[in-house]
Structure formats: structure tokens, C-alpha cells
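# Breakdown of the fold
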Amino acid sequence: YTDNIDDIYAYNRVLTQVEIEQIKDIGNYCFKPDSNLISASNITQTSADITLTGTDTYDLAYHKSSEPFSSAVIIPSVSTTTNLTGLDVFTDYNVYLREQCTVTTDWSDSILFKTGRPIGRLYVNTTATGLNSGVDWANALNSLTDALAIVEANEEIWVAQGTYKPDVTDRDISFNIAQDDIKIYGGFNATETDLSGRDFINNPTILSGDLQGNDDSTIEFVNSTRDDNSYNIVVVTGNNTLIDGFTVSDAHANGSASVQQSGGAIFKGSTVANLSVYNCTINNNVATTAGAGIKAEQNINGTLKVYSNIFKNNLARYATAIYSYTSNNFTANVSVVNSIFYDNVAKNNGSTLGYAGSAGWYRALGSSSTMNCKLVNNTYSGNVDLGTASSINNFTRATIGMGYTNGTFNGEVSNCIFWGNTTAGGVTSRSIAQMHDNLGQNITVDYSIDENNFASIPPANVTNSLSSDPLFTNVGSQDFSLQTGSPAIDSGDTTVMPFEISFDTSGNPRVYNSVLDRGALETSCAGTCYQLTINVVGTGFVENNGTALT
């Protein structure tokens, strides 16, 4: 014992427990309190109850964990429960005790508690400099990974413009969406208070697999500049997920495990019932098997909604942009709507032969399964299918695969444009075919355009469709808007557009002049344009040259 000695009491007998307890109170002396005496409860966003065990009286101190003890607030003479108020939202705090006896003891070790955060939304901004709590734009989290780690079911994550990567060096790590019922929105400038105020076209929010930032422009299966890229950028294991307003780019799914060879941009877990991907650009992704863009096996009844997206410059051996298929006994409801697919390629990976489906392959694969697939108002152009697997040829190789192996395939193609898609030698490829499956039992095509007149589909199932040039404005500059005089203008079926879609992928109103255009881009007026909005009050109505408007 090397410290000072105070009073010494000598006894010539064994002391009782009561006597021992009394000794500690001689001279009103006490020891440094144990932190086990402190507990925090009833924690809210700005308050907490601090409860002390026992009957003694203490001084209590607390401060933010990010600040030194010198900034602590000290409350004297606390003996039961003290309510701390005015705390900062979603912040760590340390709490200590000391006891006033003959001498004042040292402060106890601290306990730690964290105040709550507003339930409902987290904010992410890579350049935010506040408290990084995620409770608002000023204090946004810097990392989407951090937000996904703390998000709770039925919450939203708003992500500001900028580039976000799953990790610095580890290709195995992805943005993992594990909670159910999560909505993740990109495209903010970090000032918005309402979702309608965001502009995901001019405020790009990029989820990038280019971990080292060293990729060149070559999109190939073998490229040394991409050997450090993420295998999968987004992995969805939570049910009812919405991904809205992102650019997801530069995955390189060339790993040894099967999950690392497909679903480069977005990999949907097979037991996830429902996934929605809206307003995203999915580009420059590579998969050594399938689904460089989206891979979605349905091992449970559910839906895949792909609305208002752009898939471009992706590469795989087959089903490059989207690969969706069913497992035994399950039903998949897939809707791909208002989207553009261009410059996607399906081809051989060296000696490993490829198939086709550069813009997608939808399959009723499992026994007693059902694939219900709707393709509505999509534009397919410049996609290339070069796979030479022995089971396919120019009659079965196509831009889109629609087939069944054991189940039932029901397909509806409406208001779509297929133009300028090719196979070996620059030959125009078929728009829809069975690949190496059987052609889907129930495929109908309506109000669509294809150079080959949808040659693989029974003629009786093709109605109101054309083989006329849609007159894209400038394919070379990837402008798939329609020139004046295009047969696609005001010639679509307006009834098939889902109610959720109000705009095309360029931000124009989806319906102009009361009739839907074919393809993914709506033609608005030429020259100076005006839009008149009339609100009818009560029982009134509006007429246009004698025709009632609704």
C-alpha cells in the first residue's frame, strides 16, 4: 500500500458484517463511486432520466462525448432520478458521479447513452460538416453505409448529390439494404424539405463501384483498371425496398462466388418479395454471368418494378441489363416501364460462350412457376447480342428474352420501340425471342415498333404495331426523343401507363396532347410552349371546341 494512511483501528476479535459496514462511515469518509450506480432510461430526442441506485447523495456531471469533461454540466446533491433536458438530438453523452464526504471523491467512470432521432428519415451528404447525426441536412451523415446501419423499418434515406462508394478497398462490401420497407432517394442539393423539390437529373447522386477512381473507358470482361471494383454495388435483402434517383455504375462482378458474378449494380436477394427501382441510371457495369444491371431471382411470390430508368453501356454473357426469373412454385410480377436501354452488350467471355438478352431476359424457370412480365413505353436501341452458345441462333437470339422452361410465361409488350439493335455482322436482331428456353406461352404485343415486325411472336398476337422508322432525333448522341413526323408521336395506348409515372426520363410530362407517345420519351410542343392548368370547382366543366375535357 503506497498511498496515505488515515485512521487505523485495531481489533482483537473478528468483526461482524454490521461493524465492517459502520467502519466505512467513520469520519464521513467515502470512496470513488462505482459507475454501476448510474443508469439512463426514458431516452428521447432531447431528454433522458438518470437514475441512481442506493440512498447516498452525489454530484452528477454530464457532457457530450465529443467534448472534453471541462464542458460538463454539474448538478449537485442528486439522490434519486434526475431528468436531463435540452439535449441535442441523436448525440452521445457521458454521465459521471462523485460523492461529497470528508473529502470529495474522484469522479466515477462514465456511462454512455445516446439521445434519440426523429423517426422517419435520415439525411446523407458526403460534404456535410455538422454533427453528422443524420437528423437534417445541416447535420447529415457523410456515409450511406452509416445510414443503412441505423435505418429502421418504414423509414426513408435522403441522399444528396455526390459520389458514394461501398468501401475504400474491399470489393466484397456492398451497400446492403437489410431492413424491410425502406425507401432510399437520391438527387438532392441538400436544401430540400419536400420530395417534390429534388432534381435527380441535375443533382446526380452516384453509387460507384470504382473504389480506386482509376477506371478507363473500356467496358470488357478483362480490364486491369477494374480489378479493384466492387462485385456488387447494392445488395437488397430487405423486403419492400424502393431505390429512387441514383446513378449506379462501375460494378465489376467477376468474382469466384456466384453472387459475385451477377447483379453488379443491384443484386436482389431471392427471398425478397418486392423491389422497386425508379428514376435511376444504371451504366458501365460488368457481370461475367448475367444481370450486370439488375439480377432478381423470385424464390417467393412478389414484384419487381423498374420504372423510368436508363440502362446503358453494361456488359454480361446474357441478360445484361435485367435478369429476372422464377423458382419452383412461385409467381413473379415484373413491370419494366418508361425506360431506355441502349449500348448494352451480351457476348462470349473468352471461351465461355454467351447467349443474348442484352436488354433483359425474363424467364419462368422453376416448375409450376409463373412469370407475368409487362414491358410498357420502353425504348431499346443500339443493344448488341453476340453470344454464340450452341443452343441459340439468329431466330432465338434477341434483345429481350421471354421464355419458359417449366412454368408459365405471360408477357405484355405495349408502346415499346425496338430500333437499331444488332447481332453478329451488324445484322438487325430480333426484338423478342425465347433464347434457349421455349417462347412464352402468352405474349402479346400492342402499339409497338420493331424493324422485324416482332417476327418471333405469333402474328395474331401482334396488334397496332409498326415497322416504320421511329425517327429518333440523334442516335449518335444518344438522343432518343422523336422528330416531328415520327409515327410514334401521339399513337400509343394511354391506358397502360401506371399512375405513379408522371414524367419521362428527361423530365417532360409523360402525356402531352392527351395521347401517349410510343417509346420512353414524350414529345412536347415545338417552339414556345405553354401549359394551361384548369381547376374545375363544384359542378362546372371545361369544353374544347364543344368536347368536354376530363
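Presented here is a report on the structure given in the accompanying data block.

As a further point, take the packing of aromatic side chains. Aromatic ring pairs: the centre-centre distance and the angle between the two ring planes describe each pair. Inspection of every chain in the model, using the stated rule, returns 22 aromatic pairs. Judged by centre distance (6.5 Å) and plane angle (40°), the ring pair of Trp137 and Trp158 falls under tilted. Of the two residues, Trp137 is situated in the loop between β8 (121–124) and α2 (144–150) and Trp158 in strand β9 (residues 156–160); the sequence distance between them amounts to 21 residues. Neither residue differs from the other here; Trp137 and Trp158 are each classed as buried. The interplanar angle of 10° and the centroid separation of 4.6 Å between the aromatic rings of Trp158 and Phe188 together place this pair among those described as stacked. One end of the pair, Trp158, is in strand β9; the other, Phe188, is in strand β12 (residues 183–188), with 30 residues separating them in the sequence. Each member of the pair, Trp158 as well as Phe188, carries the same accessibility label: buried. Sitting over the face of the ring of Phe90, Lys114 holds its NZ or CZ atom 4.7 Å from the ring centroid. Here the guanidinium or amino end of Arg121 rests over the ring plane of Trp158, the centre of that ring lying 3.8 Å away.

Counted by the stated rule, this structure contains one cavity of 30 Å³ or more. Size it by volume and the largest cavity reaches roughly 40 Å³. At the level of secondary structure, the elements contributing two or more residues to the lining of the largest cavity comprise α2 and β11 (175–177). Class assignment for the residues of the lining of the largest cavity results in nine nonpolar, no polar and no charged.

Each value, and the rule that gives it
The residue numbering used here restarts from 1 in each chain and proceeds along that chain's sequence as written. Predicted model: local features are reported for residues with pLDDT of at least 70 only, side-chain atom pairs are reported and counted for 80 or more only, and whole-chain, interface and lining totals are derived from all residues. Just so you know, side-chain values use all the structure's heavy atoms and leave hydrogens and water out. The rule is short: rings of Phe, Tyr and Trp, with Trp giving its six-membered ring, pair when the centres are within 6.5 Å, and they are stacked under 30 degrees, edge-to-face over 60, tilted in between. For helices the rule is a DSSP run of H or I covering at least 4 residues; for strands it is a run of E covering at least 2, with both sets numbered from the N terminus onward. The classification of residues rests on relative accessible area computed with a 1.4 Å probe and restricted to protein chains. Under 20% of the type maximum is buried, over 50% is exposed, and intermediate values are partly exposed. Each ring is checked for a lysine NZ or an arginine CZ that lies within 6 Å of its centre and within 35 degrees of its normal; such an atom marks a charge sitting over the ring. Only protein atoms enter the 1 Å grid, on which a cavity is a set of points fitting a 1.4 Å probe that cannot get out and a pocket is an open set with protein on both sides within 12 Å along at least 5 of 7 lines, lining residues being those with an atom within 4 Å of a point. Grid points are joined across faces, edges and corners, and a volume is the space filled by probe spheres set on the points. Each residue is assigned to one class: nonpolar for Ala, Val, Leu, Ile, Met, Phe, Trp, Tyr, Cys and Pro, charged for Asp, Glu, Lys and Arg, and polar for all the others, Gly among them.

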